[in-house]
Amino acid sequence: MNASDAPPPAGQGEDLPAVAPQLRALRRRAGLTLEAAARTAGLSPAHLSRLETGHRQPSLPMLLALARIYGTTVSELLGETVADRHAIVRAADMEPTRAGGWTYVQAGAAGRGMQALRVSVPYGSQGDIVRVHPGEEWLYVLKGRLRLRLGDTAHLLGPGDSAHFDSLTPHRLAAEDHDGVELLFVHTLLQSPTATLCLGPLTGELP
């Protein structure tokens, strides 16, 4: 069984709104069959079908993956709308969302070429997920320590440290300490539904 097909932990889906109708509608808007979208995301068609029918809830990394594939944002996948593309984003207007143990808050406006998030990653959550996709990512450690693997190289980042890298480099991140880590995270949004992305476990542990 694909690592991404594993059932979510108990209670994981309770923090997410009903995303199933949005997932199906956005996949069809992108002109992708269930099989093609699942293959691009590294999922089985059966698992993607369960997401689209509401029998499973996606983790945050999976939402990011699907957003890139469909050329949209996590906000749109979640059915959230922003009336205007204002330059200023007020903290009071942004509600936190929890998925797969991660907590994130939108830190940028919808409809832009980049997506900005403030992300809290708890210890032991999603540390085995490897991501590969076109684009660029930038992250900045606000609090705690981050374990970041880029290709075959492991890095330990502390508060004030940042990383800016090509997303085609296989990468994964995890909290180093039991108190977790808080990040500012910016990534480019893909406008092509044919972009490739892989999710899955990486053999071995970060040193």
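In this report, we go over the structure that sits alongside the text. The residue numbering used here restarts from 1 in each chain and proceeds along that chain's sequence as written. In keeping with the predicted nature of the model, local features appear solely for residues at pLDDT of at least 70, side-chain atom pairs appear and are counted solely at 80 or more, and the whole-chain, interface and lining totals rest on all residues. Only heavy atoms go into the side-chain values, all of them from the structure, while hydrogens and water stay out.

All right, on to empty space enclosed by the protein then. A cavity, in this analysis, means grid points on a 1 Å lattice covering only the protein atoms where a 1.4 Å probe fits yet has no way out; a pocket is instead an open set bounded by protein on both sides within 12 Å along at least five of seven lines, and a residue lines either one if it has an atom within 4 Å of a point. Grid points are joined across faces, edges and corners, and a volume is the space filled by probe spheres set on the points. Under the criterion given, the structure shown has one cavity of 30 Å³ or more. The space that makes up the largest cavity amounts to roughly 80 Å³. If you trace the largest cavity, you find it lined by L64, W102, V119, R131, E137, L173, L183 and F185. Side-chain classes are defined by residue name, with Ala, Val, Leu, Ile, Met, Phe, Trp, Tyr, Cys and Pro counting as nonpolar, Asp, Glu, Lys and Arg as charged, and the others, Gly among them, as polar. Of the residues that constitute the lining of the largest cavity, the class distribution is six nonpolar, no polar and two charged.

Only the contacting stretch of a helix is used when fitting its axis, a line to C-alpha atoms as for every element, and angles between N-to-C directions run 0 to 180 degrees. Secondary structure follows DSSP: runs of H or I at least 4 residues long count as helices, runs of E at least 2 residues long count as strands, and numbering of each begins at the N terminus. Relative orientation of the contacting elements helix α2 (residues 34-41) and helix α3 (residues 45-52) amounts to 105 degrees, with a least axis distance of 8 Å. On the basis of the axis angle, α2 is roughly perpendicular to α3. Here α2 contributes L34, E35, A37 and A38 to the contact with α3, which in turn contributes P45, L48, S49 and E52. Grouping the constituent residues of the contact of α2 with α3 by class yields five nonpolar, one polar and two charged. An angle below 35 degrees is treated as roughly parallel, one above 145 as roughly antiparallel, one from 65 to 115 as roughly perpendicular, and anything else as oblique. Should any heavy atoms of two residues lie within 4.5 Å, those residues are counted as being in contact.

Moving on, we come to the sheet that holds strand β3 (residues 114-121). An order of β1-β2-β3-β10-β5-β8 is seen for the six strands of this open sheet, with the pairing classed as antiparallel. At either margin of the open sheet sits one strand with a lone partner, and together these are β1 (97-99) and β8 (162-166). Across this sheet, the average inter-strand angle for adjacent strands is 25 degrees, counted without regard to direction. Strands pair, by our definition, only if DSSP identifies at least two bridges between them. Bridge count between strand β5 (residues 136-143) and strand β10 (residues 181-188): six bridges; the pairing is antiparallel. Across the sheet, residue Y140 finds its bridge partner in β10, namely L184. Its contacts with the sheet put helix α4 (residues 60-70) on β1, β2 (102-106), β3, β5 and β10, and the angle it makes with β10 is roughly 10 degrees.

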